[in-house]
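Residue-level structural notes
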Amino acid sequence: MSSPRVDVDGVLVSPDHYINGERIASSRTFEDRSPLDWTWKLADVARAGSVEADLAVTAAEAAFPAWAALSVNERSAYLDRLADLIDRDVDAIAHVECLDMAMLEESLRLRVIGRGARNFRAYAELARNYEPRRWSSNGTANTVLRMPAGPTVVITPWNAPFMLSTWKCAPALAAGNTVILKPAEWSPLSASMLMDLVEEARFPPGVFNVVQGLGNEVGAALVADPRVRRISFTGSPETGRFIGEAAAQNLVPFTAELGGKGPFMVFADADLDAAAEKAAGMFDDGGQVCLAGTRLLVDASIRDVFVERFEEATKRHVLGDSRESATTISPLIHPDHLTRVDGFVKRARVNGDTVVFGGERKSKNGLWYEPTLIEPKSNDSEIVQREVFGPVLTIQSFTNEAEAAQLANSTAYGLSAIIYTSSEERAERLGSLLRAGTIWVNCFLVRDLTAPFGGTGISGIGREGGDYALDFYSDLKTLQIKEGTTHG
Ligand code: NAD
């Protein structure tokens, strides 16, 4: 049984799961509201439990042998078709995603949703162009082959849900796995829209499924199922630990892309205007960006002038409705998240940290939070050591490069780092010293999809991106043929 489609501001979206090529409702639902106006209920979305989890894994398991047996070119053709359909529907997906999780609509329309299409195209291409490693040793000719691994569970967070889920589903499908995607319950709608396109692209039933619901219900049931052969997770370190325990029970490889507390390092030789502008950009999307450089580490000799320019750049931000192009800072995703962000700032004040600017909710009725800068009492302050995932940055200064590197590496996280300097030598020195999965010098968020992506420390386990992802979603095997074995 399926439910009627819901009219989300002119776009008809199914609130149901998509399992084995069919829309399926659940007896229970959960409310999905818009952060742009919390009184606006977008949909009552199907709330899966263990029964739907079982259905989805059963479908993915049944579809797996035929999907895995297709040639790489045949599978890639499905992915390319899906990419074309995403490009066709960018505006509708961007609009619904904006209403669902409040990311700026213009940015979704011009960049983020299109990246979903690029994810599918990139992995179609990479899978097609795979050159197995071949070499001779010990009298044998050796070849590394990739075997599809099996049903794969992909669990994603509420920020940038369309882009992040396609980033994981694309390589899993290209590698020959079948997929069950469980999007976050705070922003479930774009995953449902993706399933309309999967159907239009004529994916065989069961190859690509979506189950909607809560993490501790259907999420937990999916990762506990022993038929699942890969788990790919993006979210918080707390949930990452839980997923790791479930994966361990079934000895299933998993990747976890987790939170960040990246340093944003500004050296005296940097272009200070560019650095200040980029640092103010860390407030974009309400600071709900795992890769953001949220700890400003600034050379003491330029601290005051940098803060002045940074504050100027921050004042140019416009908090507002994410549908309007003038808006640069969106509301936070959920009232609970707003309370969490505000809680960090309140505790910082109690701790004796100094709020340089901001530090308040923006309005009584909405979910906006002011861009906030905090000077911590010490490097041990909670506000320095824990991810806030909101528009809250800290500022600390250093007197030499060694101290800068030591501060940069002083949290348990290790997802990203940003460096502003005019010295390539310094960039290379720090590049080898910093503990982070991605380091950007004089830029931010420039992504090559073939590069490895992930975090160290509590920022993650494993790497996705390019061939790293295709290897993760495959079981590698070595074929050894004794030299002299003849043709025929
Ligand atoms: P979360 O960990 O609360 O939830 C993520 C997903 O896990 C959701 O789909 C949720 O339903 C599911 N989940 C929750 N409990 C579960 C359980 N017991 N079993 C199975 N699934 C469960 O994270 P969030 O609040 O949605 O996202 C914010 C976090 O994600 C931040 O820490 C952020 O830094 C991180 N993040 C990391 C990256 C990255 O690439 N490293 C990207 C985006 C977000």
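Everything numeric in this text was worked out from a predicted model, so none of it was measured.

Conventions and cut-offs
- Think of each chain on its own: its residues are numbered from 1, step by step along the sequence as written.
- This being a predicted model, a pLDDT of at least 70 is required before a residue's local features are given, and a value of 80 or more before pairs of side-chain atoms are given or counted; all residues contribute to the totals for chains, interfaces and linings.
- Note that the side-chain values use all heavy atoms of the structure and ignore hydrogens as well as water.
- Where helices and strands are cited, they refer to DSSP runs of H or I of at least four residues and of E of at least two residues respectively, numbered from the N terminus.
- Our radius of gyration is a C-alpha quantity, and the globule rule it is checked against amounts to 2.2 Å times the number of residues to the power 0.38.
- The cut-offs for exposure are 20% and 50% of the maximum accessible area for each residue type, with area from a 1.4 Å probe on protein chains only; residues under the lower value are buried, those over the upper are exposed, and the others partly exposed.
- Every residue pair with non-hydrogen atoms within 4.5 Å of one another is taken to be in contact.
- Computed by Shrake-Rupley with a 1.4 Å probe, the accessible areas treat only the displayed protein chains as cover when residues are assessed.
- A residue counts as positive if it is Lys or Arg and as negative if it is Asp or Glu; His and the chain ends are not included.
- Think of each charge as sitting on NZ of Lys, CZ of Arg, CG of Asp or CD of Glu.
- Whenever a nitrogen or oxygen atom comes within 3.5 Å of another N or O atom, the pair is scored as a polar contact, on the condition that within protein one atom can donate a hydrogen and the other can accept it, and that pairs from neighbouring residues in sequence are kept only if both atoms are in side chains.
- Two strands qualify as a pair provided DSSP detects at least 2 bridges between them.
- In this description, a line fitted to the C-alpha atoms serves as the axis of each element, helices being fitted only across the stretch in contact, and the angle between N-to-C directions of two axes falls anywhere from 0 to 180 degrees.
- The source of the domain bounds is an automatic or database domain assignment.
- When two parts are brought into contact, each loses some accessible area as probed by a 1.4 Å sphere; the total of that loss over both is the buried area.
- What makes a salt bridge here is a side-chain nitrogen of Lys or Arg within 4 Å of a carboxyl oxygen of Asp or Glu, nothing more.
- The set of buried Ala, Val, Leu, Ile, Met, Phe, Trp, Tyr and Cys residues whose side-chain atoms join them within 4.5 Å is what this entry labels a nonpolar core.
- By definition, the crossover connecting two strands over a helix is right-handed if that path, from the first strand to the second, turns clockwise as seen with the strands pointing away from the viewer.
- Should an angle lie under 35 degrees it is considered roughly parallel, over 145 roughly antiparallel, and from 65 to 115 roughly perpendicular; all remaining angles are considered oblique.
- Should the near helix be turned anticlockwise from the far one by less than a right angle, the crossing is left-handed, and should it be turned clockwise, the crossing is right-handed.
- Under the convention adopted here, Pro, Cys and the residues Ala, Val, Leu, Ile, Met, Phe, Trp and Tyr are nonpolar, Asp, Glu, Lys and Arg are charged, and Gly plus all remaining residues are polar.

A word on the overall build of the chain
What the chain contains, in helices and strands, is 15 helices and 22 strands. In terms of overall size, the chain behaves like a compact globule, its C-alpha atoms giving a radius of gyration of 23 Å where 488 residues would be expected to give roughly 23 Å. Taken over the C-alpha atoms alone, the chain extends approximately 75 × 60 × 40 Å along its principal axes. By the burial criterion, 57% of the 488 residues in the chain qualify as buried. Long-range pairs, those at least 24 residues apart, make up 71% of the contacts in the chain with a sequence separation of at least 6. By element, 52% of the accessible surface of the chain is carried by carbon and sulfur atoms, the whole surface being about 19500 Å². Taking the 49 positively charged and 65 negatively charged side chains of the chain as two groups, their mean positions are separated by 3 Å.

A word on the side chain of Thr-411
Note on placement: Thr-411 falls in the loop between α13 (401-408) and β19 (416-420). A polar contact is formed between the side chain of Thr-411 and the backbone nitrogen of Tyr-413, at a distance of 3.1 Å. If we skip the residues at most four places from it in the chain, Thr-411 touches Lys-261, Arg-295, Val-384, Gln-385 and Arg-435.

Re the sheet that holds β19
The strand order β16-β17-β18-β15-β14-β19-β20 describes an open sheet built from seven strands, whose pairing is mixed. Sheet topology places β16 (354-357) and β20 (438-441) at the edges, where each strand pairs with a single neighbour. Between one strand axis and the next, the sheet turns through 25 degrees on average, direction left out of account. Pairing of strand β17 (residues 372-375) with strand β18 (residues 392-398) involves three bridges; the strand directions are parallel. Among the inter-strand pairings, Leu-373 is bridged to a residue of β18, identified as Leu-393. Packed on one face of the sheet, helix α9 (residues 272-280) meets β14 (262-266), β15 (293-299), β18 and β19 and runs near 160 degrees to β14. Against the sheet, α13 makes contact with β14, β15 and β18, and its axis sits at roughly 150 degrees relative to β18, the strand it touches most.

Topic: the domain arrangement of the chain
When cut into domains, the chain gives domain 1 (6-258 + 455-478) and domain 2 (262-441). Distance between the C-alpha centres of domain 1 and domain 2: 30 Å. Opposite the 26 residues of domain 1 that make contact, domain 2 presents 28 residues. Interface area for domain 1 against domain 2, summed over the two sides, is near 2200 Å², with a carbon-plus-sulfur share of 64%. Between domain 1 and domain 2 we count zero salt bridges in total.

Considering the nonpolar core
By size, the foremost hydrophobic cluster in this structure holds 102 residues, and its most contacted members are Ile-86, Phe-120, Phe-203, Phe-208, Leu-296, Phe-306 and Phe-310. A domain-level breakdown of this core finds at least three residues from each of domain 1 (6-258 + 455-478) and domain 2 (262-441). Formed by 25 residues, the second largest nonpolar core is a distinct cluster that contains Ala-59, Ala-60, Ile-243 and Val-252.

Observations concerning the pattern of salt bridges
Considering all chains together, one arrives at 36 salt bridges under this definition. With a shortest N-O distance of 2.8 Å, Asp-196 and Arg-5 are connected by a salt bridge. One end of the pair, Asp-196, is in helix α6 (residues 189-200); the other, Arg-5, is in the segment before β1 (6-8), with 191 residues separating them in the sequence. Since its relative accessible area comes to 39%, Arg-5 is described here as partly exposed.

Re the sheet that holds strand β8 (residues 140-148)
Taking strand neighbours across the sheet as the criterion, the three strands line up as β7-β8-β22 in an open arrangement whose pairing is antiparallel. If you trace the sheet from one side to the other, it starts and ends with β7 (134-137) and β22 (474-482), each paired once. In this sheet, neighbouring strand axes are inclined to one another by 30 degrees on average, regardless of whether the strands run parallel or antiparallel. For β7 and β8, the ladder comprises four bridges, and the chain directions are antiparallel. Bridge pairing links Ser-136 to Ala-141 in β8.

Comments concerning the pairing of strand β10 (residues 179-182)
A two-sided burial pattern is seen for β10, the buried positions comprising Val-179 and Leu-181 on one face and Ile-180 and Lys-182 on the other. Strand direction decides the pairing type here: strand β9 (residues 152-155) and β10, joined by four bridges, are parallel. When the sheet's bridge partners are listed, Thr-152 is paired in β10 with Val-179. After leaving β9, the chain enters helix α5 (residues 161-174) and then returns to the sheet as β10, a path that is right-handed. Bridge analysis of β10 against strand β11 (residues 208-210) gives three bridges, and the strand direction is parallel. The residue bridging Val-179 from the neighbouring strand is Phe-208, located in β11. At this point the chain moves from β10, through α6, to the parallel β11, and the crossover so formed is right-handed.

Re the packing of helix α3 (residues 90-101) against helix α4 (residues 105-128)
Taken N-terminus to C-terminus, the directions of α3 and α4 make an angle of 120 degrees; their axes are 9 Å apart at the nearest point. Relative to α4, α3 is oriented oblique. In this structure, α3 crosses over α4, and the sense of that crossing is right-handed. Residue-level inspection shows Val-90, Asp-91, Ile-93, Ala-94, His-95, Glu-97 and Cys-98 of α3 in contact with α4, the latter providing Glu-105, Leu-108, Arg-109, Ile-113 and Gly-114. A class-by-class count of the residues in the contact of α3 with α4 yields six nonpolar, two polar and four charged.

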